[in-house]
Amino acid sequence: MSEVATLYGIRSIRASCISAFLVGGTSILILRWLKYQRLQSKIRQKKMKEDDVIDKCLKQLHDKEQDAAIILEKDAKEIILALQRGELDLQSVLDAFLLKACAVTKKYNCVTSVMSSAEKNLKTLEQANASEMPLFGLPVSLKESFKTQGMDSTIGLSQYIGKPELEDAVLVKVLRHCGAVPFVKTNLPQLMLSFSSCNPIYGETSNPHKLGFTPGGSSAGEGSLIGAGGSLLGFGTDIAGSIRQPAHMCGICGFKPTMNRLSKQGLQGSLPGQTLISATLGPMARDVETLVLAMKTLLCPTMFKLDPSVPPMLFNTEVYTTKRKLCIGFYTDDGYNKPIPAVQRAVKKAKQALELAGHKLIPFQVPKIDEAMRIFTAAVYGDGGKMTLNRLKGEVEEPRLKSLYRKWRMPSVFRWIITFYLSLKSPRIAKDFLLHGGESCTVDRLWKLECEAAKYKKDFFDLWESKEVELDGIICPPFPVVAGPYKHYENMTALMSYTALYNLVNCPAGVLPVTKVTQADIDQLHDFAGHYGDAWDANVKDACRQSVGMPVGVQCVAKPWQDEMCLKIMREVELGLGNI
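Residues numbered from 1 in each chain as written. Predicted model: local features only at pLDDT ≥ 70, side-chain atom pairs only at ≥ 80, totals over all residues. Heavy atoms only, no water.

K.L.:
An account of the overall build of the chain is needed here, citing residue identities and associated values.
P.N.:
Across its full length, the chain holds 22 helices and 13 strands. A principal-axis box enclosing the C-alpha atoms of the chain has dimensions of 105 × 60 × 50 Å. Taking all 580 residues of the chain together, 58% fall into the buried category. In the chain, the share of contacts with a sequence separation of at least 24, taken over all contacts with a separation of at least 6, comes to 81%. Summed over its atoms, the accessible surface of the chain is roughly 24200 Å², and 57% of this surface lies on carbon and sulfur atoms. Measuring between centres, the 71 positive side-chain charges of the chain sit 5 Å from its 60 negative side-chain charges. (Helix = DSSP H or I, 4+ residues; strand = E, 2+ residues; numbered from the N terminus. Buried < 20%, exposed > 50% of the residue type's maximum accessible area, 1.4 Å probe, protein only. Contact = heavy atoms within 4.5 Å. Areas by Shrake-Rupley, 256 points an atom, 1.4 Å probe, with all protein chains shown as cover. Lys, Arg positive; Asp, Glu negative; His and termini not counted. Charge placed at Lys NZ, Arg CZ, Asp CG, Glu CD.)

K.L.:
If you had to explain the sheet that holds strand β12 (residues 509-516) to someone new, which residues and values would you point to?
P.N.:
Backbone-to-backbone hydrogen bonds pair the strands of a sheet. The strands run either parallel or antiparallel. Ordered in space as β1-β3-β2-β6-β8-β7-β12-β13-β11-β9-β10, the 11 strands form an open sheet in which the pairing is mixed. Taken across any chain shown, the strands that pair with only one partner, and hence form the sheet edges, are β1 (111-114) and β10 (360-363). Each adjacent strand pair in this sheet contributes to an overall mean axis angle of 30°, direction not counted. Here strand β11 (residues 473-476) pairs with strand β13 (residues 551-557) via 3 bridges, running antiparallel. Note on β13: the bridge partner recorded for isoleucine 474 is valine 557. (Pairing = 2+ DSSP bridges. Axes fitted to C-alpha atoms, helices over the stretch in contact; angles between N-to-C directions.)

K.L.:
Any chance you could break down the side chain of threonine 186 for me, citing the residues and the numbers?
P.N.:
Counting through the fold element by element, threonine 186 comes out in strand β3 (residues 181-186). In this structure, threonine 186 is in contact with Cys110, Val111, Thr112, Ser141, Leu142, Lys143, Glu144, Gly221, Glu222 and Leu225, ignoring residues within four places of it in sequence.

K.L.:
Can you tell me about the environment of aspartate 238, naming the residues and giving the values?
P.N.:
Following the sequence through the fold, aspartate 238 ends up in strand β6 (residues 233-238). Each residue touching aspartate 238, except ones within four places of it in the same chain, is listed here: Ile243, Arg244, Lys256, Ser278, Ala279, Thr280 and Asn503. Polar side-chain contacts of aspartate 238 include one of 3.4 Å to the backbone nitrogen of alanine 240. (Polar contact = N/O pair within 3.5 Å; in protein donor to acceptor, adjacent residues only side chain to side chain.)

K.L.:
Mind laying out helix α6 (residues 170-177), listing which residues take part and the relevant values?
P.N.:
With respect to burial, α6 is a largely interior element, 6 of its 8 residues being buried. Within the span of α6, buried status applies to Val170, Leu171, Val172, Val174, Leu175 and Arg176. With its phi angle positive at about 100°, glycine 179 sits one or two positions after the end of α6.

K.L.:
Which residues make up the pattern of salt bridges, and what are the values?
P.N.:
Pairing of side chains with opposite charge becomes possible as their charged atoms draw close. Scanning all chains against the criterion turns up 31 salt bridges. Across the pair glutamate 289 and lysine 77 runs a salt bridge, and its minimum N-O distance is 3.3 Å. Of the two residues, glutamate 289 sits in helix α9 (residues 288-298) while lysine 77 sits in helix α3 (residues 76-85), which places them 212 residues apart along the sequence. With a relative accessible area of 43%, lysine 77 lands in the partly exposed category. We note a salt bridge from glutamate 574 to arginine 571, for which the minimum N-O separation is 2.6 Å. (Salt bridge = Lys/Arg side-chain N within 4 Å of Asp/Glu carboxyl O.)

K.L.:
Which residues make up a nonpolar patch on the surface, and what values do they have?
P.N.:
Together, Ile30, Leu31, Trp33 and Leu34 give the surface a local cluster of nonpolar side chains, amounting to about 410 Å² of exposed area. Mapped onto the elements, leucine 34 comes out in helix α1 (residues 2-61). Look at leucine 34 and you get partly exposed, because its relative accessible area is 34%. (Patch = residues over 30% accessible without salt bridge, like charges linked within 9 Å, V, L, I, M, F, W, Y side chains within 5 Å.)

K.L.:
Describe in detail the pairing of β11, supporting the description with residues and values.
P.N.:
The alternating pattern of β11 places Gly473 and Ile475 and Ile474 and Cys476 on opposite faces, both of which are buried. Relative to β11, strand β9 (residues 327-330) is paired through 3 bridges, and the arrangement is parallel. Residue pairing for β11: glycine 329 is matched across the bridge by isoleucine 474.

K.L.:
Outline the packing of helix α13 (residues 369-380) against helix α17 (residues 427-435), listing residues and values.
P.N.:
The N-to-C vectors of α13 and α17 enclose an angle of 25°; their axes lie 9 Å apart at closest approach. Taken together, the axes of α13 and α17 lie roughly parallel to each other. Here α13 runs over α17; the crossing is right-handed. When α13 is examined against α17, the residues Arg374, Thr377 and Ala378 are found in contact with a partner set consisting of Lys431, Asp432 and Leu435. Looking at the contact of α13 with α17, its residues break down into 2 nonpolar, 1 polar and 3 charged. (Parallel < 35°, antiparallel > 145°, perpendicular 65-115°, else oblique. Left-handed = near helix turned anticlockwise from the far one by under 90°. Nonpolar A, V, L, I, M, F, W, Y, C, P; charged D, E, K, R; others polar.)

What follows is the structure, given as structure tokens:
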């Protein structure tokens, strides 16, 4: 009898444990579900709030379309001059661009927020001396990651919703000081670690030349808005091509200055603390002259005072306006990612434009590009994604980035097994996959990586200086592909060699539009083959099969701290293209 009672007691305890486990597990799942629903509600409310403001602007300004059309035909310099002379009034200019930006975002989803501070700006400018402000009254758009007083800077994370910034970023302060009117903020991918254009709060941005095609990233909203005519001057950030790639894909101009030429104080960063490859902020516009205007204006004593870490280097007009003929290197293929025919053709066309202007072009070959990519990837993902994963705790994760997040969450043993399997098909993909794990996250490894980066920079510039004549700069592809369907652009490291190289060696680099994809370019894809014959090469080919009519740009590069020379080369290409 006692044995039966004991057995019954054991079974009762077991049943109770199982019941407790099921109840506890169910309770945890319910609590997680409720938390997720609250999070989704918070996100929906944020998006609805911003959309309501946009709708209100459209309703209030719809009867000003005719006046707006006249203003929107002018370039930045024409608008500023007309405002300074009193030929246009501040409110009309702001209304024109606000109306256009709100209309554009209804189609392409490029604007995240309208800045209420713009109206306050106008009141300040009405009392100012217009002739002393080089950007007087010009509406300017900002990537959502730029901190602005009284507004959220979420970078696609719900934890920053309802946490308005206490002060403007330094660049925003300088813009206001110089008479500019920041008026909208623009979309970006979650955490800005992608060439995509989507986040869980604001959704996906589309290319202004074709719905359903990517505008590039991470300064996606800026590229789309400016490309669609909703802004004349905007600002993005660039850690691997995030200004230049959207410029290339949206048919506009974008400039990445030398690191720390412009202050980055007050940015909501993607990888805070990572300094080997640091984000650079820069202007985006429809033409090179507007980029030059922005750089001339921002490189001023006010910026140097607000951020003493920025070298007090004014814009060197003498370099930008030089009449001497330049010597420029060029290449159409870096040996890592073979560009599609349209991209190679754009470089050749830019070369022709420069040669017709009397400049000398000589071939240039990038040294050890696979080594550059290894160093870059190891630096950017040096912590194995730990910081990013910590920031993602309790967040709604962007589906397009989940493959990246899975790489970081993967146990080491699985990573090595998958790396071995990948190495049988593609050594470069296997190497990239392994580097996402951060290898051994030690101070020793970090210092070694710093040494490797310094050596690569020396080798790169030794080659630059070894030419029979001194190179003023380089022209090359900005990206191996053009805009296409979103799915082909989710893997950042598969595509970034042309842009990331110049973040690694810290060269100023800019992109401007050259041509558009033709059917002949697409027909040539039939025989197109990359250098490795792997999945990345196949993706380059597949991404652009439907891209007839998409913009194609060229990238111009100069040596570190020679930002004015980079802009000079861009301007020479822009002028030369008009003569072809």
